[in-house]
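# Notes for the structure review
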Amino acid sequence: MPAPVRVPSSAGRGGPLRPGLPRLRTVLTVAGTALVVQRALRRRIRRSPLWPLPALEQPISGQGREAARRSARANGLDGDPAQPAPGRPATLRLRVAERTGVADGVVALRLEGERLPAWEPGAHLDLVLPSGAVRQYSLCGEPADAVRADGGSYTLAVRLIEDGRGGSREVHEALRAGMTVEVRGPRNRFPLEDHHAYLFVAGGIGITPILPMVRQAEAEGVPWRLVYAGRSRASMPFLAEVEKLAGGAAGGGERLTVVTEDVDGRPDLAAALADAPPHAAVYCCGPEPLMDAVAALLPDGPAGLTLHTERFAPAAGPAGDAAGASDDVAFAVELRRTGRTVTVPAGTSALRAIREQALPDLAYSCEEGFCGTCQQRVLAGEVDHRDELLTDAERDDSLLICVSRAKRGSGLVLDL
């Protein structure tokens with residue numbers, strides 16, 4: 001609701017107040033409010049074709065159809081998992097239409113299909129690799145490409161991680177144009193919310209979810225700035241497009257700061273935050289140290305800055321390592337519906353123990369606590385949550401069994 005317009009007194013000014021000034025101010029205030037509402041409604045309608053009904057969450061299934069059927073029977077569930085429940089999108093089979101090198105060690109894949117689900121900036125796909133491994137990659141193309149009448153497409157980019165778990169290497173070495181791949185999604189845990197101004201911070205391949213956000217902010221006329229850091233210009237994907245969006249600024253300018261480690265060293269994040277408008281939204285994606293540094297510096301920036309991040313990695317455990325393994329102890333998990341109790345050894349996930357000892361076809365996907373496939377309802381026990389995905393409300397009665405555990409001295413009872 002627009003604030004009331006204060007009409008200054010005309011006393012002592014030697015004449016009546018000009019009648020057009022308050023009216024103009026009211027018109028401008030109402031127009032500004034209408035613009036914000038229009039943007040919010042347009043985005044809400046894009047998010048759900050059933051608007052004004054609420055958009056459905058889109059968790060995914062971590063296994064194939066036959067495995068899902070066996071898992072459903074083992075859990076006493078009825079129905080055919082081959083037909084996805086409301087809010088659970090079926091697996092899509094897409095063709096790798098194009099494979100392009102977009103930077104040193106980075107390939108972009110354009111995946112084509114028909115009747116593709118729409119998406120918004122910040123969304124990602126679960127890509128099922130030929131080996132069966134599932135990895136999450138941010139969508140970095142144009143959302144409009146998914147819903148074209150002549151055939152939709154998704155675009156994602158993958159950097160080769162030499163010391164990773166092998167998913168990126170499989171993408172680089174095994175996926176070629178003309179092949180068919182399975183994907184699940186898209187899902188969005190990193191949505192671009194309506195704000196009056198944005199500060200984007202991207203490190204390396206972290207530009208992939210940020211790029212569609214920059215495009216949308218630019219299209220909607222919302223002020224934005226981007227700090228884009230990388231090892232070298234040659235290693236930074238989509239750098240030319242980013243510079244074009246910023247008005248051709250090559251490595252600097254009012255809206256874009258490009259920082260290369262081989263020439264400039266590390267980005268001055270404190271200065272970037274200090275220059276952000278008050279109450280702006282800060283969106284950050286990149287290596288863990290970059291996101292941690294932005295979070296640590298945020299309180300020193302202008303008033304009201306809000307931080308939004310996306311982490312495709314397991315949360316640090318109590319001991320500071322990726323899974324908190326040095327603090328792990330064995331615990332028991334009662335599977336209430338199955339009628340069995342599983343022992344989870346130290347250093348083994350509850351997911352692995354349950355699959356090995358009781359439910360071999362239990363659905364899962366990333367095994368790192370960020371996709372949500374293995375979320376299970378907790379009936380009793382204290383949970384040591386180690387994910388970056390669940391909300392506080394979700395943590396009250398559920399956990400991700402691929403990374404989270406029972407607190408020391410406690411066991412768990414799950415609705416399985």
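Everything numeric here is computed off the predicted structure, so don't read it as measured data.

Quick look at the overall build of the protein now. Looking only at helices and strands, the protein features nine helices and 18 strands. Within the protein, the fraction of its 416 residues that count as buried is 44%. Excluding contacts between residues fewer than 6 apart, the proportion of contacts in the protein whose partners are at least 24 apart in sequence is 64%. Element-wise, carbon and sulfur atoms account for 53% of the exposed surface of the protein, whose accessible area totals about 20,800 Å².

Pairing within the open sheet is parallel, and its five strands lie in the order β9-β8-β7-β10-β11. Two strands bound the open sheet, and with one partner strand each, they are β9 (256-260) and β11 (306-309). Put simply, the sheet's adjacent strands are angled 15° from each other on average, direction ignored. In this sheet, β9 lies alongside strand β8 (residues 224-230) in parallel orientation, the contact comprising five bridges. In the strand pairing of β9, V227 is matched with T257. Relative to strand β7 (residues 198-203), helix α4 (residues 207-220) is tilted by about 155°, and along the sheet it contacts β7, β8 and β10 (281-285). Seen against the sheet, helix α7 (residues 288-297) touches β7, β10 and β11 and runs at an angle of roughly 160° to β10.

On to the layout of surface pockets. Of the pockets and cavities examined, the second largest pocket occupies roughly 1,500 Å³. Along its surface, the second largest pocket is lined by 44 residues, and I161, I205, G286, P287 and E288 are the ones closest to its centre. Taken together, the residues of the lining of the second largest pocket break down into 19 nonpolar, 14 polar and eleven charged.

If you walk through the whole model with that rule in mind, you get four aromatic pairs. Aromatic side chains Y198 and F200 sit 5.5 Å apart centroid to centroid with 20° between the ring planes, which places their arrangement in the stacked category. As far as the burial class goes, Y198 and F200 line up, both buried. Measuring from ring centre to ring centre gives 6.1 Å for Y198 and Y283, while their planes differ by 65°; the resulting arrangement is edge-to-face. One end of the pair, Y198, is in strand β7; the other, Y283, is in strand β10, with 85 residues separating them in the sequence. Ring pairs connect the aromatic residues F190, Y198, F200 and Y283, which therefore count as one cluster.

With that out of the way, let us pick up the side chain of D145. Within the secondary structure, D145 sits in the loop between β4 (134-138) and β5 (152-159). Ignoring sequence-local partners within four residues, the contact set of D145 consists of G151, G152 and S153.

With antiparallel pairing, six strands are arranged side by side in an open sheet as β4-β3-β6-β1-β2-β5. Taken across any chain shown, the strands that pair with only one partner, and hence form the sheet edges, are β4 and β5. Ignoring strand direction, the axes of neighbouring strands in this sheet form an average angle of 40°. The pairing of strand β1 (residues 92-103) with strand β6 (residues 180-187) spans four bridges and is classified as antiparallel. Each residue of the ladder has a partner; that of R93, found in β6, is E182. Across the face of the sheet, helix α3 (residues 167-174) comes into contact with β1, β2 (106-113), β3 (124-128), β4 and β5 while running at roughly 120° to β5.

Summarising the element assignment, R215 is placed in helix α4. Within the local environment of R215, its side chain forms a polar contact with the side chain of E241, the two groups lying 2.6 Å apart. Not counting chain neighbours up to four residues away, the residues in contact with R215 comprise C140, G141, E142, E241 and L245.

The subject of this paragraph is the confidence of the model for the protein. A residue-level look at the protein finds 73% of positions with pLDDT of 70 or above and a mean pLDDT of 80. A low-confidence stretch, residues 1-19 stays under pLDDT 50, and its non-local contacts, those more than four residues away or across chains, total 13 contacts.

So, about the pairing of β7. For a regular strand, side-chain orientation follows a simple rule: the groups alternate between the two sheet faces. Within β7, six of the six residues are buried, leaving the element largely enclosed by the surrounding structure. Alternating residues of β7 divide into Y198, F200 and A202 and L199, V201 and G203, and every residue in both groups is buried. Where β7 lies against β8, six bridges are found, and the strand directions are parallel. Its bridge partner lying in β8, Y198 is registered against W224. For the crossover that starts at β7, traverses α4 and ends in the parallel β8, the hand is right-handed.

The rules behind the values
- Residues numbered from 1 in each chain as written.
- Predicted model: local features only at pLDDT ≥ 70, side-chain atom pairs only at ≥ 80, totals over all residues.
- Heavy atoms only, no water.
- Helix = DSSP H or I, 4+ residues; strand = E, 2+ residues; numbered from the N terminus.
- Buried < 20%, exposed > 50% of the residue type's maximum accessible area, 1.4 Å probe, protein only.
- Contact = heavy atoms within 4.5 Å.
- Areas by Shrake-Rupley, 256 points an atom, 1.4 Å probe, with all protein chains shown as cover.
- Pairing = 2+ DSSP bridges.
- Axes fitted to C-alpha atoms, helices over the stretch in contact; angles between N-to-C directions.
- 1 Å grid on protein atoms, 1.4 Å probe; cavity = no way out; pocket = protein on both sides within 12 Å on 5 of 7 lines; lining within 4 Å.
- Points joined across faces, edges and corners; volume = space filled by probe spheres on them.
- Nonpolar A, V, L, I, M, F, W, Y, C, P; charged D, E, K, R; others polar.
- Phe/Tyr/Trp six-rings, centres within 6.5 Å; stacked < 30°, edge-to-face > 60°.
- Polar contact = N/O pair within 3.5 Å; in protein donor to acceptor, adjacent residues only side chain to side chain.
- pLDDT = per-residue confidence, 0-100.
- Right-handed = clockwise from strand over helix to strand, strands pointing away.

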